[in-house]
Amino acid sequence: MNGGADAGAGDREALEAVRAVVLKPSETLDEERFPRIAGYDFNSGADNLLGLLASMASTGFQASNLGDAVTVVNQMLDWRLSHEKPGGDCDEEELDPAYRESVKCKIFLGFTSNLVSSGIRDIIRFLVQHRMVDVLVTTAGGIEEDLIKCLAPTYKGDFSLPGALLRSKGLNRIGNLLVPNDNYCKFENWIMPLLDQMLLEQSTENVIWTPSKVISRLGKEINDESSYLYWSYKNGIPVFCPALTDGSLGDMLYCHSVHNPGLLIDIVQDIRAMNGEAVHASPRKTGIMVLGGGLPKHHICNANMLRNGADYAVYINTAQEFDGSDSGAQPDEAVSWGKIKGSAKAIKVHCDATIAFPLLVAATFARKLQQKTNAASR
Amino acid sequence: MSDEEHHFESKADAGASKTYPQQAGTIRKNGYIVIKARPCKVVEVSTSKTGKHGHAKCHFVGIDIFTAKKLEDIVPSSHNCDVPHVTRTDYQLIDISEDGFVSLLTENGNTKDDLRLPTDDSLLTQQTNKRISLDVAILMQIKEGFAEGKDLVVSVMSAMGEEQICALKDIGPR
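Parameters and conventions
Position numbers for residues count from 1 along each chain, tracking the sequence in the order it is written. Just so you know, chain letters begin at A and ligand numbers begin at 1, following the order they were written in. A pLDDT threshold of at least 70 governs which residues receive local features in this predicted model, and a stricter bar of 80 or more applies before side-chain atom pairs are shown or counted, although totals over entire chains, interfaces and linings include all residues. Heavy atoms from the whole structure form the basis of all side-chain values; hydrogens and water molecules are not counted. Counting from the N terminus, the helices are the DSSP runs of H or I reaching at least four residues and the strands are the DSSP runs of E reaching at least two. Type-normalised accessible area, obtained with a 1.4 Å probe on protein chains alone, sets the label of each residue: buried when under 20%, exposed when over 50%, and partly exposed for intermediate values. Here a residue-residue contact requires only that any non-hydrogen atoms of the pair lie within 4.5 Å. Boundaries of every domain are those given by an automatic assignment or by a domain database. Put simply, buried area is the surface a 1.4 Å probe can reach on two separate parts but cannot reach once they are joined, added for both. Take a side-chain nitrogen of Lys or Arg and a carboxyl oxygen of Asp or Glu: if they are within 4 Å of each other, that pair is a salt bridge. Counted as a polar contact is a pair of N or O atoms within 3.5 Å, where, for protein atoms, one must be capable of donating a hydrogen and the other of accepting one, and residues adjacent in sequence contribute only when both atoms are in side chains. Each residue is assigned to one class: nonpolar for Ala, Val, Leu, Ile, Met, Phe, Trp, Tyr, Cys and Pro, charged for Asp, Glu, Lys and Arg, and polar for all the others, Gly among them. Any pair of Phe, Tyr and Trp rings, taking the six-membered ring for Trp, is counted once the centres come within 6.5 Å. Such a pair is stacked with planes under 30 degrees apart, edge-to-face with planes over 60 apart, and tilted for the rest. As a per-residue measure, pLDDT reflects the predictor's confidence and takes values from 0 up to 100. Computed over the protein atoms alone on a 1 Å grid, cavities are sets of points where a 1.4 Å probe fits but cannot get out and pockets are open sets with protein on both sides within 12 Å along at least five of seven lines; a residue lines them when it has an atom within 4 Å of a point. Grid points are joined across faces, edges and corners, and a volume is the space filled by probe spheres set on the points. Grouping into patches uses exposed residues only, defined as over 30% relative accessible area, and leaves out salt-bridged ones; the cut-off is 9 Å for like charges and 5 Å for nonpolar side chains (Val, Leu, Ile, Met, Phe, Trp, Tyr). Accessible surface is estimated by sampling points in the Shrake-Rupley manner with a 1.4 Å probe; for residues, cover comes only from the protein chains shown. Note on geometry: axes are C-alpha line fits, over the in-contact stretch for helices, and angles between N-to-C directions span 0 to 180 degrees. For this classification, under 35 degrees means roughly parallel, over 145 means roughly antiparallel, 65 to 115 means roughly perpendicular, and everything else is oblique.

So, the overall build of chain B
Moving on, step 1. Secondary structure summary: chain B contains two helices and 11 strands in total.
Moving on, step 2. Each helix and strand of chain B, placed in order from N terminus to C terminus, yields the pattern β-β-β-β-β-β-β-β-β-α-α-β-β.
Moving on, step 3. Per-residue burial for chain B yields a buried fraction of 37% across its 174 residues.
Moving on, step 4. Contacts in chain B between residues at least 24 apart in sequence constitute 50% of all its contacts with a sequence separation of at least 6.

Below you can see the structure in the form of structure tokens.
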């Protein structure tokens, strides 16, 4: 029937129009820039750590960010001055290929004190023990919790333990960790004679103490291989902590100064040293690795601003940017300040560092050390 | 050991200690305490329970009983502090010498001549205004009262080997 045929043509046109809107032809994606999503296949084995880590990059969401962070850190570790063309104003020595092969990226590692209370302290110790990082920045708790762990342990508790009950039992809660008051009493007994000694050296040997010098001394005195501060002292890796007074260390300094006054701690000398680490880093590239937000994150980024920005940056934290906080600010905000170069390789992993950092280290620092050890033992 | 060899005669036995130990947590306001080797009267005590700062602690604010300077100390509650023996003895004022030494009559009829009146200079260098005005008042009263021939009795405070006139009593005109 003629009417039916016309109606059929009209329907087909309408259908074509709808199809064109709903099934708009897509651009083909270049898989170099947009890799396919694929997760780990456990048929390959349940104890294949490196295989699992390698699959992160293609799993999506924060696993992909972690995968990208692994890539950035490996680039940080693989870079040599020999990869760059020599600048026009190079000295003779700087042109020497052997020298250029020896110049590596300078890595700044920052972390908040809660991570030192957690088991991440042992991963930091591994990095420092093997001289895999160049400068550390943390808060007061990041110093004392490491020292206290050598005197008495921290325990696993629960976020929901009631505060008043814990107080009555002399237990301090850090998240789902517990630190007994007694640990801090042991710390007091250990540190007070050292503060007396430091005051004595200040008055008789004209020593000018700074937070990093105090920390180095404490690392020397604790003399315990489980402490990252001990290894920092041993390997000459500076640890900066401009807010040294904001923790149990500050309480100790307060009580000590009332009882035996006069100890001075110079933060100006330390900002010279910290910023100097960035300013005088060249011809080395610099890399930022910061766990958590707050002071350590800003202090490291700010120092790198003075050399017109870091070349690599990895943030691992759970802070968000909607409140304008520096803690939550993403690497691109730091680019606007000149703290990270516009051309830098930078990534933020939105994840609790207690999960992300061990995985990151496994796929980068630890893996490279293992490869080096395997090669050496052949 | 003869009595004449004693530099001063105090009621306390010369061999007794000048301080005695007391647990920090038991020392109260208005008691006495030794801070940085000075005998002090406690004007403020506060305690911090055991915590991140370590052992439970007592914060003491004391006033040096001789110089009126404010001194502070923080001591773990379980530690012992030194508490000074503080005694007050009354003596009748007999004479004031030209260089400011006073001659006092002791109980057994001897004279005690080793104390000075606080000089104007020493009062001006003291820190608390309240105390300066007190000492200046005492100084003035002693000088005027003595000049007028009044019978004066002075109170002498003694602690840790140091003595000072701290008050004046007027027992009436002669």
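Once the structure has been displayed, the description carries forward.
Digging into the environment of Ser 158 of chain B
All names here are of chain B.
Moving on, step 1. Its place among the elements puts Ser 158 in strand S10 (residues 152–159).
Moving on, step 2. Distance in space between the C-alpha atoms of Ser 158 and Pro 39 is 10.0 Å, their sequence separation being 119 residues.
Moving on, step 3. Not counting the four nearest positions on each side in its chain, Ser 158 is found in contact with Phe 66, His 85, Val 86, Thr 87 and Glu 163.

Side note on the domain arrangement of chain B
Residue and element names in this part refer to chain B.
Moving on, step 1. Domain annotation of chain B identifies domain 1 (19–84) and domain 2 (86–171).
Moving on, step 2. For the pairing of domain 1 and domain 2, the buried interface totals around 1100 Å² over both sides, and the portion due to carbon and sulfur atoms is 62%.
Moving on, step 3. For the domain 1 face of the interface with domain 2, the top three residues by lost area are Ile 65, Phe 66 and Ala 68, together amounting to 55%.
Moving on, step 4. Run the count over domain 1 and domain 2 and you get one salt bridge.
Moving on, step 5. The shortest N-O distance in the salt bridge between Glu 162 and Arg 38 comes to 2.9 Å.
Moving on, step 6. Applying the counting rule to domain 1 against domain 2 returns three residue pairs in polar contact (both at pLDDT 80 or more).
Moving on, step 7. By residue class, the composition of the side of domain 1 that touches domain 2 is eight nonpolar, two polar and two charged.

Considerations on the packing of aromatic side chains
All names here are of chain A.
Moving on, step 1. Scanning all chains against the criterion turns up four aromatic pairs over all chains.
Moving on, step 2. Seen from their ring centres, Phe 111 and Tyr 228 are 5.5 Å apart, and the 80° between their planes marks the pair as edge-to-face. With Phe 111 in strand S1 (residues 106–111) and Tyr 228 in helix H12 (residues 228–234), the pair connects residues that are 117 residues apart, well separated along the chain. Exposure class is identical for Phe 111 and Tyr 228. Each is buried.

What about the confidence of the model for chain B?
Residues and elements named next belong to chain B.
Moving on, step 1. Within chain B, residue pLDDT values average 81, and 78% of them lie at 70 or more.
Moving on, step 2. For chain B, the element scoring lowest by mean pLDDT is helix H1 (residues 120–124), at 53; strand S2 (residues 32–35) scores highest, at 96.
Moving on, step 3. A low-confidence stretch, residues 1–12 stays under pLDDT 50, and its non-local contacts, those more than four residues away or across chains, total 11 contacts.
Moving on, step 4. Segment residues 125–130: pLDDT under 50, and seven contacts once partners within four positions in sequence are set aside and those in other chains are kept.

Describing the pattern of salt bridges
Residues and elements named next belong to chain A.
Moving on, step 1. Applying the stated criterion to the full structure yields 19 salt bridges over all chains.
Moving on, step 2. Between Asp 134 and Arg 284 there is a salt bridge, with its nearest N and O atoms 3.3 Å apart. One end of the pair, Asp 134, is in the loop between helix H7 (120–129) and strand S2 (135–137); the other, Arg 284, is in the loop between helix H14 (267–279) and strand S7 (286–291), with 150 residues separating them in the sequence.
Moving on, step 3. The residue Lys 297 makes a salt bridge to Asp 326 at a minimum N-O spacing of 3.9 Å. Here Lys 297, found in helix H15 (residues 294–305), pairs with Asp 326, found in the loop between strand S8 (310–317) and helix H16 (331–337); they are 29 residues apart in sequence, far enough to count as distant.
Moving on, step 4. Look at Lys 297 and you get buried, because its relative accessible area is 2%.
Moving on, step 5. Linked through salt bridges whose partners overlap, the residues forming this network are Arg 121, Asp 122 and Asp 146.

Section: empty space enclosed by the protein
All names here are of chain A.
Moving on, step 1. Overall, the coordinates contain one cavity of 30 Å³ or more when judged by the stated rule.
Moving on, step 2. The space that makes up the largest cavity amounts to roughly 80 Å³.
Moving on, step 3. Mapped by element, the contributors of at least two residues to the lining of the largest cavity are H15 and H16.
Moving on, step 4. Residue composition of the lining of the largest cavity, grouped by class: five nonpolar, two polar and four charged.

Overview of a nonpolar patch on the surface
Residue and element names in this part refer to chain A.
Moving on, step 1. On the surface, a cluster of nonpolar side chains totalling about 420 Å² of accessible area is made up of Val 18, Val 21, Val 22 and Leu 23.
Moving on, step 2. Mapped onto the elements, Val 22 comes out in helix H1 (residues 2–22).
Moving on, step 3. Its relative accessible area of 61% is what places Val 22 among the exposed residues.

Describing the packing of helix H17 (residues 353–363) of chain A against helix H18 (residues 365–377) of chain A
Residues and elements named next belong to chain A.
Moving on, step 1. The contact between H17 and H18 brings their axes to 3 Å, and the two run at 30°. Looking at the two axes, H17 sits roughly parallel to H18. Across the interface between the two elements, Val 361, Ala 362 and Ala 363 from H17 touch Phe 365, Ala 366 and Arg 367 from H18.
Moving on, step 2. Taken together, the residues of the contact of H17 with H18 sort by class into five nonpolar, no polar and one charged.

Digging into the interface of chain A and chain B
Moving on, step 1. Counting residues at the interface gives 16 residues for chain A and 13 residues for chain B.
Moving on, step 2. Approximately 1300 Å² of surface area, both sides summed, lies buried where chain A meets chain B, with 59% of it carried by carbon and sulfur atoms.
Moving on, step 3. A per-residue breakdown of the area chain A buries against chain B is headed by Glu 188, Val 258 and His 259 of chain A, which together make up 33% of the total.
Moving on, step 4. In this assembly, chain A and chain B are joined by one salt bridge.
Moving on, step 5. Put simply, Glu 188 of chain A and Lys 57 of chain B hold a salt bridge, and the shortest N to O gap is 2.9 Å.
Moving on, step 6. There are nine residue pairs in polar contact (both at pLDDT 80 or more) connecting chain A and chain B.
Moving on, step 7. Taken together, the elements giving at least two residues each to the side of chain A that touches chain B come down to helix H10 (181–204) and helix H13 (248–259) of chain A.
Moving on, step 8. Looking at the side of chain A that touches chain B element by element, the count peaks at seven residues for H13 of chain A.

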